[in-house]
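In case you want the letters, here they are:
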Amino acid sequence: MRTGFTLLEVVLALLVLEIGVLGVAGTLLLASTTLTRAETLERAVARAEGVLDSLRWDGAPGLGGAPFAAGEVVWSVGDSGRMDLRAIGPNGEILLGVISVLPAR
Amino acid sequence: MTVSRRTRRDGAGSRRGASVPEAVVALLVGLLVVHLALRTVEQMRSAQARLAKRTDALVALRVGRYVVRSELRVGLRGRDWVLSDDSLSLRAFRGTATVCPMRPAPDELLVRYRGTRSPDPAKDSLLLLTARGGAEVRALAGMGAPAGSCAAAGAGALAQWRLDREPAADVVLARLFERGSYHLAGSALRYERGLSGRQPLTPEVWSHPSTTWTLSAERLGVRLVPRDADAGAGWSGFLAWASRP
């Protein structure tokens with residue numbers, strides 16, 4: 001009669017445990033990535049709002065750019081007041097875009 | 001090989017338990033597994049705590065920025081808001097009413113009201129705008145059932161308001177507001193109305209000495225610095241115009 005666990009049983013148990021741990025770690029990693037993206041978007045929106053407020057009051061035709069923590073907000077204003085604003089992320093991706101017409105001054 | 005108690009038989013008889021080398025190896029392997037498990041748990045808890053701090057900081061940034069910007073969007077410095085130390089005192093507008101031509105009594109107005117909440121005579125005042133472009137402030141003294149109709153004054157719930165004293169004859173619009181103040185205190189953005197105390201609107205995540213309002217001749221801004229370095233980077237930005245360009 002033998003009692004206790006064989007090495008194979010222990011290894012298998014550890015393997016199952018490892019899969020569970022990796023799953024939790026993967027979830028944490030995903031949460032961290034999502035949060036980083038949310039932070040980047042929040043900062044992009046905040047910067048874009050500030051730029052839009054300025055353009056609304058002083059929207060002279062031309063191009064401009066304003067950096068934020070993880071990218072840059074760039075805009076162009078045409079002679080007709082048409083404004084195109086974009087927030088560019090750290091990898092060059094477009095985080096948000098706004099196309100509008102500025103009020104006549 | 002086994003790592004725990006086992007029974008082994010040999011030709012001459014039976015031997016129970018494990019040999020000393022087996023027991024030592026089993027003990028070492030067991031300790032290693034426990035150590036790794038504890039370290040993993042510790043690192044996961046640490047990672048979860050960092051995530052929670054970053055989430056709180058993000059919520060605080062979003063709420064703080066949005067709330068104050070919304071309150072100040074249509075306000076004018078000096079008339080609608082004033083900054084002193086950590087306090088931003090303001091008229092917090094909660095609704096707008098179109099004044100009907102018919103007036104039930106000299107100190108009463110029949111209005112059509114739209115707003116984010118119902119008027120409350122205990123805490124609300126009115127900024128009354130006249131047809132000639134004037135403005136005057138009255139306290140909302142009471143409310144009653146509307147005595148009359150007002151089809152021409154647009155959308156909104158019909159209401160009858162009693163003021164603390166008679167308003168101008170040509171009042172056309174009434175803006176309902178409460179007086180309150182926002183504070184960057186106790187590591188959070190707080191709102192205080194009357195004697196209700198400073199109620200926190202955000203999680204308490206900000207470094208108190210470093211987190212401040214920033215006011216220049218043209219702009220009101222804010223600098224938000226998280227108390228904990230794990231909570232992420234701070235943010236400085238625009239909230240409202242201090243003087244209209």
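Quick caveat: nothing in here was measured; it's all calculated off a predicted structure.

Novice: Explain the domain arrangement of chain B to me, and be specific about the residues and the numbers.
Specialist: All names here are of chain B. The domain boundaries assigned to chain B delineate domain 1 (53–88 + 180–241) and domain 2 (90–178). Distance from the C-alpha centre of domain 1 to the C-alpha centre of domain 2: 31 Å. If you look at the interface, domain 1 gives nine residues, while domain 2 gives five residues.

Novice: Please set out the nonpolar core residue by residue, giving values where relevant.
Specialist: Buried together is how nonpolar side chains tend to be arranged in soluble globular proteins. Judged by nonpolar contacts, the single largest core of 40 residues is most densely connected at B:V99, B:L109, B:V111, B:A174 and B:L239. Each of two domains, domain 1 (53–88 + 180–241) and domain 2 (90–178) of chain B, supplies a minimum of three residues to this core. With residues near it in sequence (within four places) discarded, B:A174 still touches B:A97, B:V99, B:L109, B:V111, B:L126 and B:L128. By size, the runner-up hydrophobic cluster in this structure holds twelve residues, among which are A:F68, A:A70, A:I88 and A:L95.

Novice: Explain the sheet that holds strand β14 (residues 235–241) of chain B to me, and be specific about the residues and the numbers.
Specialist: All names here are of chain B. Spatially, three strands are ordered β12-β13-β14 in an open sheet, and the strand pairing comes out antiparallel. Only two strands of the sheet have a single neighbouring strand rather than two, namely β12 (212–215) and β14. Strand-to-strand, the axes of this sheet are offset by a mean angle of 25°, without reference to chain direction. Two strands pair when backbone bridges link them, and β12 and strand β13 (residues 219–224) are joined in this way by four bridges, in the antiparallel orientation.

Novice: Run through the sheet that holds strand β3 (residues 82–88) of chain A, naming residues and quoting values.
Specialist: Strands in a sheet are paired, the pairing made by backbone hydrogen bonds, and the direction either parallel or antiparallel. Residues and elements named next belong to chain A. Strand order in the open sheet formed by four strands is β1-β2-β3-β4, and the pairing between neighbours is antiparallel. The open sheet has two free edges, formed respectively by β1 (62–68) and β4 (94–101), since each of these has just one partner strand. Adjacent strand axes in the sheet meet at a mean angle of 10° when their direction is disregarded. With seven bridges connecting them, β1 and strand β2 (residues 71–77) associate as antiparallel partners. Paired with L63 across the bridge in β2 is S76.

Novice: Outline the interface of chain A and chain B, listing residues and values.
Specialist: With 26 residues of chain A at the interface, the matching set in chain B holds 25 residues. Taken together, the residues that form the side of chain A that touches chain B break down as 15 nonpolar, five polar and six charged.

Novice: Can you break down the pairing of strand β7 (residues 135–144) of chain B residue by residue, with the values?
Specialist: Residues and elements named next belong to chain B. One ladder, built from five bridges, connects strand β6 (residues 124–130) with β7; its direction is antiparallel. Across the sheet, the residue bridging to L128 is E136, located in β7. Following β6, the chain reverses through four residues before pairing antiparallel with β7; G133 in that reversal takes a positive phi of roughly 95°. Strand direction decides the pairing type here: β7 and strand β8 (residues 157–163), joined by four bridges, are antiparallel. When the bridges of β8 are listed, L140 appears paired with L163.

Parameters and conventions
- Residues numbered from 1 in each chain as written.
- Chains lettered and ligands numbered in written order.
- Predicted model: local features only at pLDDT ≥ 70, side-chain atom pairs only at ≥ 80, totals over all residues.
- Domains from an automatic or database assignment.
- Contact = placed C-beta atoms within 7 Å.
- Core = buried A, V, L, I, M, F, W, Y, C linked by C-beta atoms within 7 Å.
- Buried ≥ 20, exposed ≤ 12 C-beta atoms within 10 Å, placed from the backbone.
- Pairing = 2+ DSSP bridges.
- Helix = DSSP H or I, 4+ residues; strand = E, 2+ residues; numbered from the N terminus.
- Axes fitted to C-alpha atoms, helices over the stretch in contact; angles between N-to-C directions.
- Nonpolar A, V, L, I, M, F, W, Y, C, P; charged D, E, K, R; others polar.

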